[in-house]
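Report on the structure
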Amino acid sequence: MEKSKKLSVKFLNCKSDSPLVLPAGIMDVSYGSMLFAVQNGAGFVTMKSCTLEPRSGHAGPVVCEIEGAMINAMGLCNPGIEKGLEEIEKFKKESDVPVISSVFGANRDEFVKLSNYVNDSSADYIELNLSCPNVSSEFGTPLSASKEMVADIVGAVKKNSRLPVLAKLSPNTHDVTGIARAAENAGADGLVMINTLGPGMVIDINARRPVISAKFGGISGPAVKPVAVKLVYQVTEAVGIPVIGMGGVTTGSDAIEMIMAGASLVGVGTAVYYRGIEVFNRINSEIVEYLDKVGLDSVTGIKRID
Amino acid sequence: MDKRFALEIESVNIENSGHKTFEVKNIFDVKPGQFFMITDYKNGEKPFSVSRITKERVSFTVKKLGSFTSGLFDMKPGDALYIRGPYGNGFDCELLAGKKLLLVGGGCGTGPLRSLAEYISGKAEINFINGARSKEDLLFEKGLDANLASYSCATDDGSAGIKGTVIDVCKNTVDLKSHDYIVTSGPEMMLCAVRDYLKDTGIPAFYLIERYMKCAVGICGQCSVDPLGVRVCVEGPVFDGDLLSRLTEFGVYKRDASGTCREF
Ligand SMILES: Cc1cc2nc3c(=O)[nH]c(=O)nc-3n(C[C@H](O)[C@H](O)[C@H](O)COP(=O)(O)OP(=O)(O)OC[C@H]3O[C@@H](n4cnc5c(N)ncnc54)[C@H](O)[C@@H]3O)c2cc1C
Ligand SMILES: Cc1cc2nc3c(=O)[nH]c(=O)nc-3n(C[C@H](O)[C@H](O)[C@H](O)COP(=O)(O)O)c2cc1C
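Residues numbered from 1 in each chain as written. Chains lettered and ligands numbered in written order. Predicted model: local features only at pLDDT ≥ 70, side-chain atom pairs only at ≥ 80, totals over all residues. Heavy atoms only, no water.

We now examine the overall build of chain B. Each helix and strand counted, chain B has six helices and 19 strands in total. Whereas a compact globule of 264 residues would reach a radius of gyration of roughly 18 Å, chain B reaches 18 Å, a difference of no more than 12%. Taken along the three principal axes of its C-alpha coordinates, chain B extends 50 × 40 × 35 Å. Within chain B, counting contacts between residues at least 6 apart in sequence, those at least 24 apart form 60% of the total. Carbon together with sulfur atoms contributes 49% to the accessible area of chain B, which is approximately 10600 Å² in total. Distance from the positive charge centre (33 side chains) to the negative charge centre (35 side chains) of chain B: 3 Å. (Helix = DSSP H or I, 4+ residues; strand = E, 2+ residues; numbered from the N terminus. Rg over C-alpha atoms; globule rule 2.2 N^0.38 Å. Contact = heavy atoms within 4.5 Å. Areas by Shrake-Rupley, 256 points an atom, 1.4 Å probe, with all protein chains shown as cover. Lys, Arg positive; Asp, Glu negative; His and termini not counted. Charge placed at Lys NZ, Arg CZ, Asp CG, Glu CD.)

Here it is, written out as structure tokens:
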């Protein structure tokens, strides 16, 4: 589908024809699924967070829908960084849409190793997943709970990285702004937020069991949007680097709300469940409708509110 | 909203040494070719196609493989299963009604074809080919609850039907070209053989395919098929021949639980 020029954006070093981002972990284990999202209107794609070694992830059930939201604990299943980057190469042969390579390490050394792999790939950005809530029984509290840890990892990766470094932050701490500042001071080029909220728990009262096999799971989807909007708003007040805002964005109005909170690009993840893979094109048109209504000729004309 | 239902197993039918059919109450709006995600909250959550749909019951015909299916094989009537679905596109029964059909099933892939045959019985001319390794592995030997114009089977060792594959049966079908549609379900190598065989005939066909499945609601991307990325859980599991011919991964590799490509 031909996109309106009004949706053209530039984020750090790359341009695209839509501000909508396919976030890490949504339809992105393979180059085919990332192409499918692009075909349906995504302007940027993120490859599933990759670790040094392949991971099969948690046993099922890995997802559970609740009113207004989704809980998931996939358990960071991924084919490992080497295979993951092969998917990015295959994607790049078919599309010039910018790709974010998301990586997950247990500690600074792993993140540095991972970023060295990404340096040698065709990815356009590296995203440090400092915030997966679903593997804490294995890795402990997500790294983005600690300013020192975030600064240490971002700084170390930044030293080696040829690519812009994005830090993906968790909403599940009391001082997201402090952590965002720590990432900025350590050299992060941008932030991605929010990762899933919680984690939360759902009990099957018939089975007397937690529904999710890992017991707890991160919450995404419409219900988390007010938290995401608030955190993006607070963080963009505190830092100067651009933010990819996500968390519950399902409609054009949601995307505009996220931009008004300060986001430069907008992630659309769980909404693929609610509105189908066409969700990207639908939100694109809804944004254009809004721009026409208020008389703006570019999505970049939507300013952050005070 | 997707909900998990606690349903008691109403009956367990031993099909043969490797397959059992489980029935639960039909509280769903489900059609043939669709599947459910089933968990016991112990051994994971796995996808299973419906193999029979009646007003009262829904059946799943299961092949014993690993931990989940082994656990299931130990379960008895009255035990609870936790089920969500149905998922996937299913067969286009409106399109198939009134047509001359050839259903080609292999292994437990015959399950969804049984549900299709029974569902459109009386509304279409149904010819059924059933394939398996041997008589002992053949499913539904006691017959289907459907009006079939013809039924034939093939076993690798010739212990039932003709000795050979479902393709050999196709080759012996005199009026193959008179069929409006072929519908096939079974091991991927069998589906490939059917596809290759049909290539020069121009007969349109539908294929039910399987990929490693996790969320089943189209967000995790695990069951996407390259290079189009179509999801077996949403756009599938039934694909027409045209679309399938553009899925270059089909018959070549599939992804395991980590997303790593495994060649067939
Ligand atoms: C749409 C669809 C419909 C299916 N319908 C049926 C059916 O009607 N009857 C039937 O017996 N089987 C069916 N299957 C396959 C069934 O899901 C697997 O046999 C089952 O998951 C095996 O689990 P296990 O723990 O016993 O074995 P494991 O040892 O875990 O796995 C054995 C093999 O089963 C397959 N498998 C395992 N987990 C999954 C998964 N999450 N998703 C897909 N495949 C998996 C893999 O090929 C694996 O090599 C279907 C699969 C799909 C995708
Ligand atoms: C099934 C699923 C898998 C996810 N996997 C990852 C992941 O691997 N890495 C990551 O940084 N975030 C992951 N996330 C979080 C999303 O990228 C996103 O931050 C979050 O879902 C909020 O956006 P949404 O409400 O639009 O989905 C995952 C989310 C879901 C629902």
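Having seen the model, we can carry on.
To continue, consider the site of ligand 2. All names here are of chain A. In the region of ligand 2, 21 residues are neighbours, and A24, S49, K168, G248 and T270 sit closest. Between ligand 2 and G248, the relevant distance is 2.6 Å, taken from an oxygen atom to a main-chain nitrogen or oxygen of the residue. Contacts to ligand 2 include G269, whose backbone N or O atom sits 3.0 Å from an oxygen atom. For ligand 2, the accessible surface in isolation is 610 Å², of which the surrounding protein chains cover 98%. (Near = heavy atom within 4 Å. Polar contact = N/O pair within 3.5 Å; in protein donor to acceptor, adjacent residues only side chain to side chain.)

So, on to the nonpolar core. In this structure, L128, L191 and F280 of chain A are the most contacted members of the largest nonpolar core, which totals 146 residues. If sequence neighbours within four positions are ignored, L128 of chain A has contacts with V103, F111, I153, V154, V157, V165, L166, A167 and K168 of chain A. Grouped together as the second largest cluster of nonpolar side chains are 21 residues, F140, A146, V183 and L208 of chain B included. (Core = buried A, V, L, I, M, F, W, Y, C linked by side-chain atoms within 4.5 Å. Buried < 20%, exposed > 50% of the residue type's maximum accessible area, 1.4 Å probe, protein only.)

Right, let's get into the sheet that holds strand β2 (residues 11–16) of chain B. Residues and elements named next belong to chain B. Read from one edge of the open sheet, four strands run β2-β3-β7-β6, paired in antiparallel fashion. Every interior strand has two partners, whereas the edge strands, β2 and β6 (52–53), have only one. Examined bridge by bridge, β2 and strand β3 (residues 19–25) share five bridges and lie antiparallel to one another. Its bridge partner lying in β3, I14 is registered against K20. (Pairing = 2+ DSSP bridges.)

With that out of the way, let us pick up the site of ligand 1. Residues and elements named next belong to chain B. For ligand 1, the set of nearby residues contains 19 residues, the closest of which are K46, P47, T61, K63 and T69. At 2.7 Å from an oxygen atom of ligand 1 is found a main-chain nitrogen or oxygen belonging to P47. In isolation ligand 1 has 850 Å² of accessible area, and contact with the protein removes 81% of it. At the level of elements, β5 (45–49), β7 (57–63) and α1 (67–73) are the ones that each hand at least two residues to the shell around ligand 1. Tallying contributions element by element places β5 first for the shell around ligand 1, with four residues. Residue classes in the shell around ligand 1 are distributed as nine nonpolar, five polar and five charged. (Nonpolar A, V, L, I, M, F, W, Y, C, P; charged D, E, K, R; others polar.)

Right, let's get into the packing of aromatic side chains. All names here are of chain B. All chains considered together, the criterion is met by 14 aromatic pairs over all chains. Taking the centre distance of 5.7 Å and the plane angle of 85° together, the rings of F5 and F28 count as edge-to-face. On the criterion of sequence distance, the pair formed by F5 in strand β1 (residues 5–8) and F28 in the loop between β3 and β4 (35–39) is long-range, its members being 23 residues apart. By way of ring pairs, the aromatic residues F5, F28, F36 and F60 are connected into one cluster. (Phe/Tyr/Trp six-rings, centres within 6.5 Å; stacked < 30°, edge-to-face > 60°.)

What follows is about the sheet that holds β1 of chain B. Residue and element names in this part refer to chain B. Ordered by their spatial adjacency, four strands build an open sheet running β1-β8-β4-β5, and the pairing between neighbours is antiparallel. Sheet topology places β1 and β5 at the edges, where each strand pairs with a single neighbour. On average, each strand axis in the sheet is inclined to that of its neighbour by 40°, with strand direction left out of account. Across four bridges, β4 lies against strand β8 (residues 80–87) in antiparallel orientation. By the bridge assignment, I38 is partnered in β8 with I83. (Axes fitted to C-alpha atoms, helices over the stretch in contact; angles between N-to-C directions.)

Moving on: unusual backbone geometry. For the bond from G85 of chain B to P86 of chain B, the omega torsion is 0°, close enough to zero to count as cis. Tracing the backbone through its elements, the reader meets P86 of chain B in strand β8. Residue P227 of chain B is bonded to the preceding D226 of chain B through a cis peptide linkage, with omega at -5°. Relative to the elements of secondary structure, P227 of chain B occurs in the loop between β15 (224–225) and β16 (230–231). The phi dihedral of L76 of chain A is positive, around 55°, even though this residue is not glycine.

Here we take up helix α6 (residues 176–185) of chain A. All names here are of chain A. The buried fraction of α6 amounts to seven of the 10 residues, a majority that puts the element mostly inside the structure. Within the span of α6, buried status applies to V176, T177, G178, I179, A180, A182 and A183. Buried-residue contacts for α6 involve α5 (147–160), β9 (165–168), β10 (190–193) and α7 (225–238). A positive phi of about 110° marks G187, the residue just after α6.

Time to look at a nonpolar patch on the surface. On the surface, M201, I203, I205 and F216 of chain A cluster together into a nonpolar patch covering about 450 Å² of accessible area. Note that F216 of chain A resides in strand β14 (residues 216–220). (Patch = residues over 30% accessible without salt bridge, like charges linked within 9 Å, V, L, I, M, F, W, Y side chains within 5 Å. Salt bridge = Lys/Arg side-chain N within 4 Å of Asp/Glu carboxyl O.)

Taken together, the 40 residues of chain A in the interface contact 34 residues of chain B. With both chains or domains summed, chain A and chain B bury close to 2800 Å², and 60% of this area falls on carbon and sulfur atoms. The tally of links between chain A and chain B comes to one salt bridge. For the salt bridge of R255 of chain B with E87 of chain A, the shortest nitrogen-to-oxygen distance reads 3.0 Å. At the junction of chain A and chain B, the tally comes to eight residue pairs in polar contact (both at pLDDT 80 or more). Counting only elements with at least two residues in the side of chain A that touches chain B, the list comes to α1 (31–39), β5 (63–66), α2 (81–94), β13 (209–210) and α9 (271–275) of chain A. Counting residues per element, the side of chain A that touches chain B draws most heavily on α1 of chain A, which supplies five residues. Grouping the constituent residues of the side of chain A that touches chain B by class yields 23 nonpolar, nine polar and eight charged. (Buried area = accessible area lost by both parts, 1.4 Å probe.)

This part covers the side chain of R211 of chain B. Residues and elements named next belong to chain B. Its place among the elements puts R211 in the loop between β14 (205–208) and β15. At 2.8 Å, the side chain of R211 and the side chain of E188 are in polar contact. Residues in contact with R211, not counting those within four places in the same chain, are E188, C223, V225, V232, E249, F250, Y253, K254 and F264.

Interpretation note: all reported values are geometric properties and have no functional meaning in isolation.
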